[in-house]
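Overview (structure and organization)
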Amino acid sequence: MPGNHLFLTRNEQVSGSSPLVGSSFCCDLQEKRKSGRTRSSPSYSNRTATRAWLSTILRPQLEPILFILVVGEEIGWRGYALPRLLATRSMLSASLILGVLWGAWHLPTFFIPGLPQHSIPFSAFMLLTIAYSVLFTWMYVRTAGSVLIATLFHGSINFCQGFFLGGIDPAREYWLLAFVWWVAALVVLVGTGTTFVRRPQNSR
């Protein structure tokens, strides 16, 4: 699920807390900064201790759920939707359509306070999922339609981006990620030449 990884802070990686608890932690920290309170306040310390305790208890239950969500998404997007789009459309067209659908799927989460996507720009998130979609389509075709590889790639993105960019402001982070992943997507588009824009012969 794109976005959950963006709220894995460096403190969470040291303490081993779960991504879902970490997202709540980051949103709470942003609210405290806006109101002028600091990390040294008693209420902040109490909440931090409570969340650390909850993460110890909930992590074994949350990690399987997150894994199931990633697998479920890839079965739907790459296992079901992408091959049907590629049957009648070019790889680029299929990628753009699926990327928009992928981003729109998460739209309700942008209106729910407390969820990771609530504090980030939807336009940056949409650009990011479209860039992802281009790369996922290229990988899907290059691996003969392997949903397993797509799932592993999805999981590695969720882990690595949160690990390297955990301390950046969420809104700024999404724009940075969108830029970086679009550079990667453009490299793929240029490198594949006309392959990515060519429609399948049986669709003509």
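It is the contact of helix 4 (residues 91–105) with helix 5 (residues 122–142), at a shortest axis distance of 8 Å, that shows an interaxial angle of 135°. As far as their axial angle goes, helix 5 and helix 4 are oblique. Viewed along their axes, helix 4 and helix 5 form a crossing whose handedness is right-handed. Seen from helix 4, the contacting residues are M91, S95, L96, L98, G99, V100, W102, G103 and A104; seen from helix 5, they are F122, F125, M126, T129, I130, Y132, S133, V134, F136, T137, W138 and V141.

Glancing now at the pattern of salt bridges. One pass over the full model with this rule turns up 1 salt bridge. Measuring nitrogen to oxygen at the nearest pair gives 2.8 Å for the salt bridge that ties E74 to R78. One end of the pair, E74, and the other, R78, are both in helix 3 (residues 42–86), 4 residues apart, so they sit about a helical turn from each other. Taking relative accessible area as the criterion, E74 reaches 0% and is therefore assigned buried.

One finds L128, Y132, F136, F153 and W181 to be the most contacted residues of the largest nonpolar core, which totals 31 residues. Residue assignment for this core shows that the elements contributing at least two residues are helix 3, helix 4, helix 5, helix 6 (147–165) and helix 7 (170–191). Discounting chain neighbours no more than four positions away, the residues touching F136 are E74, R78, W102, A150, F153, H154 and I157.

With that out of the way, let us pick up the packing of aromatic side chains. In this description, a pair of aromatic rings is defined by centroid distance and the angle of the planes. Summed over all chains, the structure comprises 9 aromatic pairs. With a centroid separation of 5.9 Å and 45° between ring planes, the pair formed by W102 and Y132 is classed as tilted. Here the residue W102 occupies a position in helix 4, and Y132 occupies one in helix 5, the gap between them amounting to 30 residues. For the residue pair W102 and Y132, the accessibility class agrees, reading buried in each case.

This next bit is on helix 5. Along its 21 residues, helix 5 runs 30 Å from first to last C-alpha, staying within 8% of the 30 Å computed at 1.5 Å per residue. Burial runs high along helix 5: 15 of the 21 residues are buried. Backbone geometry just after helix 5 places A144 at a positive phi near 60°.

Quick look at the confidence of the model for the protein chain now. Averaged over all residues, the pLDDT of the protein chain equals 75, while 62% of them reach at least 70. Looking over the protein chain, one finds the lowest element-wise mean pLDDT in helix 1 (residues 10–15), namely 38, and the highest in helix 5, namely 96. Here residues 57–62 is modelled with pLDDT under 50, and outside its nearest four sequence neighbours on either side it reaches 6 contacts, counting other chains as well.

Looking at the secondary structure, you find L186 in helix 7. Here L186 falls in the partly exposed class, since its relative accessible area comes to 46%. Along the backbone, L186 and L135 are 51 residues apart, and their C-alpha atoms lie at a distance of 9.3 Å.

Another point: unusual backbone geometry. The phi dihedral of A144 falls on the positive side, at around 60°, and the residue is not glycine. Summarising the element assignment, A144 is placed in the loop between helix 5 and helix 6.

What follows deals with the environment of T137. Its location among the elements puts T137 in helix 5. A relative accessible area of 0% places T137 in the buried class. With 59 residues separating them along the chain, T137 and F196 place their C-alpha atoms 9.4 Å apart. When near neighbours in sequence (up to four residues on either side) are disregarded, T137 contacts L82, L86, M91, S95 and F196. At 2.9 Å, the side chain of T137 forms a polar contact with the backbone oxygen of S133.

How each quantity is defined
- Residues numbered from 1 in each chain as written.
- Predicted model: local features only at pLDDT ≥ 70, side-chain atom pairs only at ≥ 80, totals over all residues.
- Heavy atoms only, no water.
- Axes fitted to C-alpha atoms, helices over the stretch in contact; angles between N-to-C directions.
- Helix = DSSP H or I, 4+ residues; strand = E, 2+ residues; numbered from the N terminus.
- Parallel < 35°, antiparallel > 145°, perpendicular 65-115°, else oblique.
- Left-handed = near helix turned anticlockwise from the far one by under 90°.
- Contact = heavy atoms within 4.5 Å.
- Salt bridge = Lys/Arg side-chain N within 4 Å of Asp/Glu carboxyl O.
- Buried < 20%, exposed > 50% of the residue type's maximum accessible area, 1.4 Å probe, protein only.
- Core = buried A, V, L, I, M, F, W, Y, C linked by side-chain atoms within 4.5 Å.
- Phe/Tyr/Trp six-rings, centres within 6.5 Å; stacked < 30°, edge-to-face > 60°.
- Expected span 1.5 Å × (residues − 1).
- pLDDT = per-residue confidence, 0-100.
- Polar contact = N/O pair within 3.5 Å; in protein donor to acceptor, adjacent residues only side chain to side chain.

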